[in-house]
Amino acid sequence: MKDNDKKEHLGTDSSGGSESSKPKSGELRESELRYRRLFEAAQDGILILDAETGTISDANPFIIDLLGFSHEQLAGKRLWEIGAFRDIFASQEKFKELQSLGYVRYEGLPLIAADGRKLFVEFVSNVYEVEGAKVIQCNIRDNTARREAELEKDRLNEKIIEKNEEIESFLYVTTHDLRTPLVNIQGFSRNLAKDLKKLYTLLSKADLPEGIKERVRTLLTDDLPESMGFITGGVLKMNMMIGALLKIARLGRIAPTSASVDMDAVLKDVLGTFAYQLEKIGGVVNILDLPRCSSDTEVVSQVFALLIDNAIKYRKKGRRLEITIEGKVTEDGLVRYMVSDNGLGIEDAELEKIWQVFYSGHTADPGVEHGEGIGLTIAKRMVERNGGRIRVESKEGVGTKFIIDLPARK
Ligand SMILES: Nc1ncnc2c1ncn2[C@@H]1O[C@H](COP(=O)(O)OP(=O)(O)OP(=O)(O)O)[C@@H](O)[C@H]1O
Ligand SMILES: [Mg+2]
């Protein structure tokens, strides 16, 4: 080792004072040098302390660079006398804990470097014995970049949530306000229809040339009512869409509650509402094991109702409808529920679209009664607002399976 290399660490002989005076065998010396090199080249900070007093006896170049303290500032000082570590070992409680447990570990520990830089480190220390004396080795890994990236991610997530809330509130206000002019259009359309009838009666009494009378009659009985029909149809459709958007926007305004959900009771209730329909079409529902989840009971009921409604609506004619509902606890602390049917299935190309608001498929299938195309949009938002996920697997002509993951416990 070169002389100036030696200055990079606190010049102590790690083999211990009295022992160092003894002549060392060549092998021992070589092994010591090898370990010394590892200590010096380590890309983690290493501090060696006296386990009785907490005094720093050695520090590798990495920790000196990282913290920016000079050798003098570290040498012979107790850990809690150094600014960077003052907070952790302030009460010396932690040091006592380390002395008794022989091991402590902190993640994301904030340290302030000599120049005021804020660092986040992982700090692991172990107590062990070297030639009869107890020493503490502290390994300090610089996780500042990772921690900052995590903080940035949290900040961005918060921003996204904030923006989403803004959009939801905007959606609610605009859709709500759109209702007012729509009510006017609806009302005045009805007035116009009445006025057309009055005009028709007046026309018979009017003294007009027959050619003109005939032309006006056609306008009053065919052309104008046809246009009125389009206006009324459009208004009804718009009213339905505004209603659906309001339903979705309202979801964002209700904070979900969380409780242990008795799934058997939920399914019993939900299936009760479909009992008539199921009996009429001869459908069967198999309920297998259903573990409890931690969620909003009302929300879970609605999600299952929307899925069962779809399974019934998109059943395959000529095949007895069979719905299977089952659940299991997953390794990552979630409960996974599956709702499978043997219905029409969904084309691969449509699988992404079914979650979109107002999307309705199977329009070409005869005898399929359509809804507003908002059921799955609502189900997805509800599940996600309850900390879960929903996805679909389907094979056209064979059947569909909805997979819902919800937290198992709070
Ligand atoms: N179990 C299913 N089997 C086959 N297709 C399905 C199934 N569930 C949903 N789909 C398809 O996904 C589309 C969207 O479903 P969603 O529940 O959002 O709307 P909808 O059922 O058309 O109307 P709404 O639920 O608002 O009354 C459906 O129109 C249908 O094409
Ligand atoms: Mg639906």
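This is a predicted model, so every value here is computed, not measured.

The rules behind the values
- Along each chain, the written sequence defines residue order, and numbers are assigned to residues from 1.
- A letter from A marks each chain and a number from 1 marks each ligand, given out in the order of writing.
- Selection of residues for local features in this predicted model requires a pLDDT of at least 70, selection of side-chain atom pairs for listing and counting requires 80 or more, and totals for whole chains, interfaces and linings are taken over all residues.
- Based on all heavy atoms of the structure, the side-chain values leave hydrogens and waters out of the count.
- Any residue with a heavy atom positioned within 4 Å of a molecule or strand is treated as near that molecule or strand.
- The term polar contact refers here to a pair of N or O atoms within 3.5 Å; inside protein, the definition further demands a hydrogen-donor-capable atom paired with an acceptor-capable atom, and it admits residues adjacent in sequence only when both atoms are side-chain atoms.
- In these tables, accessible area is a Shrake-Rupley quantity obtained with a 1.4 Å probe, and a residue counts as shielded only by the protein chains included in the view.
- Using only the protein atoms, space was sampled on a 1 Å grid; points where a 1.4 Å probe fits but cannot get out form cavities, open sets with protein on both sides within 12 Å along at least five of seven lines form pockets, and lining residues are those with an atom within 4 Å of a point.
- For a molecule to be placed in a cavity or pocket, more than half of its atoms must lie within 2 Å of the grid points of that cavity or pocket.
- Where helices and strands are cited, they refer to DSSP runs of H or I of at least four residues and of E of at least two residues respectively, numbered from the N terminus.
- Charged residues are taken to be Asp, Glu, Lys and Arg, nonpolar residues to be Ala, Val, Leu, Ile, Met, Phe, Trp, Tyr, Cys and Pro, and polar residues to be all remaining types, Gly included.
- Here the bounds of each domain stem from an automatic or database domain assignment.
- As a rule, the C-alpha atoms of each element are fitted with a line to give its axis, helices using only the stretch in contact, and angles between N-to-C directions run from 0 to 180 degrees.
- Oblique is the label for any angle not under 35 degrees, not over 145, and not in the 65 to 115 range, which are roughly parallel, roughly antiparallel and roughly perpendicular in turn.
- Handedness of each helix crossing follows the sense of rotation of the near helix against the far helix: counterclockwise by less than a right angle gives left-handed, clockwise gives right-handed.
- Any two residues whose heavy atoms approach within 4.5 Å are treated as being in contact.
- We treat two strands as partners when DSSP finds at least two bridges between them.
- Categorising residues by exposure relies on relative accessible area from a 1.4 Å probe, with only protein chains included: less than 20% of the type maximum marks a residue as buried, more than 50% marks it as exposed, and the intermediate range marks it as partly exposed.
- The salt bridge definition used is simple: a Lys or Arg side-chain nitrogen within 4 Å of an Asp or Glu carboxyl oxygen.
- Grid points are joined across faces, edges and corners, and a volume is the space filled by probe spheres set on the points.

A word on the site of ligand 1. Within the structure, ligand 1 sits among 20 residues, and Tyr314, Asp341, Ser360, Ile374 and Leu376 are positioned closest to it. Here an oxygen atom of ligand 1 and a side-chain polar atom of Tyr314 are 2.8 Å apart. Here ligand 1, which alone exposes 590 Å², has 95% of that area covered by the protein. Judged by the proximity of its atoms to the pocket grid, ligand 1 belongs to the second largest pocket. Listing elements by their share of the shell around ligand 1, those giving two or more residues are helix H10 (297-313), helix H11 (375-385) and strand E12 (399-407). For the shell around ligand 1, the class distribution of residues is 8 nonpolar, 9 polar and 3 charged.

On to the domain arrangement of the chain. What the domain assignment reports for the chain is domain 1 (3-142), domain 2 (157-251) and domain 3 (259-407). Here the C-alpha centroids of domain 1 and domain 3 sit 59 Å apart.

Let us now look at the packing of helix H9 (residues 263-281) against H10. Taken N-terminus to C-terminus, the directions of H9 and H10 make an angle of 25 degrees; their axes are 9 Å apart at the nearest point. Taken together, the axes of H9 and H10 are roughly parallel relative to one another. Of the two possible hands of crossing, H9 and H10 adopt the one that is right-handed. Seen from H9, the contacting residues are Met263, Val266, Leu267, Val270, Leu271, Phe274, Gln277, Leu278 and Ile281; seen from H10, they are Thr297, Val300, Ser301, Phe304, Ala305, Ile308, Asp309 and Ile312. When its residues are assigned to classes, the contact of H9 with H10 shows 13 nonpolar, 3 polar and 1 charged.

As a further point, take the packing of helix H7 (residues 144-205) against helix H8 (residues 210-251). Contact geometry for H7 and H8: axes closest at 9 Å, N-to-C directions at 160 degrees. Relative to H8, the element H7 is oriented roughly antiparallel. By crossing handedness, the relation of H7 to H8 is classed as left-handed. Residue classes in the contact of H7 with H8 are distributed as 24 nonpolar, 8 polar and 5 charged.

A word on the sheet that holds strand E10 (residues 334-341). If you trace the 5 strands from one edge of the open sheet to the other, you get E7-E9-E10-E12-E11, paired in mixed fashion. The strands lining the two open edges of the sheet, one partner per strand, are strand E7 (284-287) and strand E11 (389-395). Each adjacent strand pair in this sheet contributes to an overall mean axis angle of 15 degrees, direction not counted. With 7 bridges joining them, E11 and E12 adopt antiparallel strand pairing.

Walk down a regular strand and you will see the side chains alternate between the two sheet faces. The element strand E1 (residues 45-50) is extensively covered by neighbouring structure, given that 5 of its 6 residues are classed as buried. Sheet topology note: the E1/strand E2 (residues 56-59) ladder contains 3 bridges and is antiparallel. Within E2, the residue paired with Leu49 across the bridge is Ile56. Where E1 folds back on E2, the antiparallel hairpin that results is connected by 5 residues, among which Gly54 adopts a positive phi of roughly 80 degrees.

The next thing to look at is the pattern of salt bridges. Evaluation of the coordinates by the stated rule reveals 20 salt bridges. Note that Glu152 and Arg155 form a salt bridge whose closest N and O atoms lie 2.9 Å from each other. Of this pair, Glu152 and Arg155 both sit in helix H7, 3 residues apart, which is roughly one turn of the helix. The class of Glu152 is partly exposed, set by a relative accessible area of 35%.

This part is about the sheet that holds E2. Pairing between the strands of a sheet is mediated by backbone hydrogen bonds and can be parallel or antiparallel. Pairing in this open sheet of 5 strands is antiparallel, and the strands run E2-E1-E5-E4-E3 from one edge to the other. Of all strands in the sheet, those with a lone pairing partner are E2 and strand E3 (103-112), marking the two edges. Taking each pair of neighbouring strands and ignoring which way they run, the sheet shows an average axis angle of 25 degrees. Relative to the sheet, helix H6 (residues 93-101) contacts E1, E3, strand E4 (118-130) and strand E5 (133-142), its axis offset from that of E3 by approximately 155 degrees. The strands touched by H7 within the sheet are E3, E4 and E5, with E4 carrying the most contacts at an inclination of about 135 degrees.

The next subject is unusual backbone geometry. Not every positive phi belongs to a glycine, and Glu131 is a case in point at roughly 45 degrees. Tracing the backbone through its elements, the reader meets Glu131 in the loop between E4 and E5.

Attention now goes to the layout of surface pockets. The space that makes up the second largest pocket amounts to roughly 510 Å³. Lining the second largest pocket are 29 residues, and of these Asn310, Lys313, Tyr314, Gly375 and Leu376 lie nearest its centre. Among the elements of the structure, H10, E10, H11 and E12 are those that each provide at least two residues to the lining of the second largest pocket. With 6 residues, the top contributor of residues to the lining of the second largest pocket is H10. Residue composition of the lining of the second largest pocket, by class: 13 nonpolar, 10 polar and 6 charged.

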